[in-house]
Amino acid sequence: MPEAARRRSTALIITGMVLGGAGMLAYFVLSAPGSASPAPPPAGSEGSATPEGVARAIVTKLNARDLDGVIELTCAQGKSTGRRELVKAVPQLDPAAPESTRAKQIEFGLDHLSQFAEGYIATFTVQYQGAKQNGTMRIQLSADKWTLCGLDSPRLDGVG
């Protein structure tokens, strides 16, 4: 084998070994535990550190007719209008409503949670007067907490 061909082969082998070693090093550095893992989601109120936990807490509070509890889980910009909108959408939540309204049977259930660009959309069901209807809620980060930032409830008694 001529000397020039041997040098070229040796250079190619050494280059391949260096590149291969660099690739292996990059793999091990990037795959090391904790090196590139995403940060855990910020903690929310009521021990709900995840979007699903917040959605479940909201459904639980809606079923308990705990209007103040739902408002606690609402984002800052929604707190001012949230109470009025929730009472309008679900009259059974209004503490000032007549007992006949508050006594009407209503049940909420969480269906599905899906991610979108600014947070999560949770679909839920409402069973009211023998009918099952669907609604959605938007879960987003607000002040480093997962919160309710929008609720599209089905119409109940012609409101909502």
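Computed from a predicted structure; not experimentally measured.

Looking at the environment of Q92
Looking at the secondary structure, you find Q92 in the loop between α4 (76-89) and α5 (99-102). Sequence spacing of Q92 and I106 is 14 residues, and the spatial spacing of their C-alpha atoms is 8.0 Å.

With respect to the packing of aromatic side chains
All chains considered together, the criterion is met by two aromatic pairs. Consider the rings of F108 and F124, whose centres lie 6.2 Å apart with planes at 45 degrees: the pair is tilted. Within this pair, whereas F108 is found in strand β1 (residues 106-116), its partner F124 is found in strand β2 (residues 119-128), the two being separated by 16 residues in sequence. Measuring from ring centre to ring centre gives 5.5 Å for Y120 and W146, while their planes differ by 75 degrees; the resulting arrangement is edge-to-face. Taken together, the residues Y120 in strand β2 and W146 in strand β4 (residues 145-152) connect sequence positions 26 residues apart.

Conventions we followed
Residues numbered from 1 in each chain as written. Predicted model: local features only at pLDDT ≥ 70, side-chain atom pairs only at ≥ 80, totals over all residues. Heavy atoms only, no water. Helix = DSSP H or I, 4+ residues; strand = E, 2+ residues; numbered from the N terminus. Phe/Tyr/Trp six-rings, centres within 6.5 Å; stacked < 30°, edge-to-face > 60°.

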